[in-house]
Amino acid sequence: MTTSPTSTVDIVRKLIDQQLNLSGHGFELKHDDNLWDMGMTSLTCLGLMLSIEDTFGVELPEDALKESTFRSVDTITAAVDGVLSSAQS
């Protein structure tokens with residue numbers, strides 16, 4: 001049996017859930033939910049950023065280290081995909 005690789009968005013969603021423990025509180029994260037409105041703090045954001053960098057083996061550029069990058073699943077995934085695609089070039 002062959003399994004498909006996990007997509008960037010699925011990994012990002014899992015890392016967010018690990019940091020914010022949303023599923024532990026019975027919440028299903030939508031792609032555009034504002035994470036800051038859901039209780040993300042600067043400390044949990046830092047943990048999320050470090051988890052993303054470790055998991056994907058990348059370093060997010062300085063211009064991506066802002067609140068708007070870490071607003072939602074979509075914005076984080078876009079930042080990670082951008083770094084991954086530039087690393088492949």
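Residues numbered from 1 in each chain as written. Predicted model: local features only at pLDDT ≥ 70, side-chain atom pairs only at ≥ 80, totals over all residues. Heavy atoms only, no water.

(A) Representation of the nonpolar core within the structure. Of all hydrophobic cores here, the largest spans 20 residues; its most connected members are I16, L48, I52, F70 and I76. Where this core is concerned, the elements lending two or more residues are α1 (8-20), α2 (42-56) and α3 (73-88). Top contributing element to this core by residue count: α2, with 5 residues. Setting aside residues up to four positions removed in sequence, F70 forms contacts with L35, W36, M40, C45, L48, M49, I52, L60, A64, T75 and I76. (Core = buried A, V, L, I, M, F, W, Y, C linked by side-chain atoms within 4.5 Å. Buried < 20%, exposed > 50% of the residue type's maximum accessible area, 1.4 Å probe, protein only. Helix = DSSP H or I, 4+ residues; strand = E, 2+ residues; numbered from the N terminus. Contact = heavy atoms within 4.5 Å.)

(B) Spatial organisation of α1. Here α1 spans 18 Å end to end across 13 residues, near enough to the 18 Å set by a 1.5 Å rise per residue. Every buried residue belonging to α1 is among T8, V12, L15, I16 and L20, and all of these are buried. Viewed along the axis of α1, the buried residues span an arc of 120°, placing them on a single side of the element. Exposed residues on α1 whose side chains face more than 90 degrees from its buried face are K14 and Q18. Residue N21 follows α1 closely and has a positive phi angle near 50°. (Expected span 1.5 Å × (residues − 1). Arc of directions from axis to C-beta.)

(C) Highlighting the packing of α1 against α3. With their axes 9 Å apart at the nearest point, α1 and α3 run at an angle of 125° to one another. The angle between α1 and α3 places the two elements in the oblique class. The hand of the α1/α3 crossing is right-handed. Listed contacts from α3 to T8, V9, V12, R13 and I16 of α1 are V73, I76, T77, V80, D81 and L84. (Axes fitted to C-alpha atoms, helices over the stretch in contact; angles between N-to-C directions. Parallel < 35°, antiparallel > 145°, perpendicular 65-115°, else oblique. Left-handed = near helix turned anticlockwise from the far one by under 90°.)

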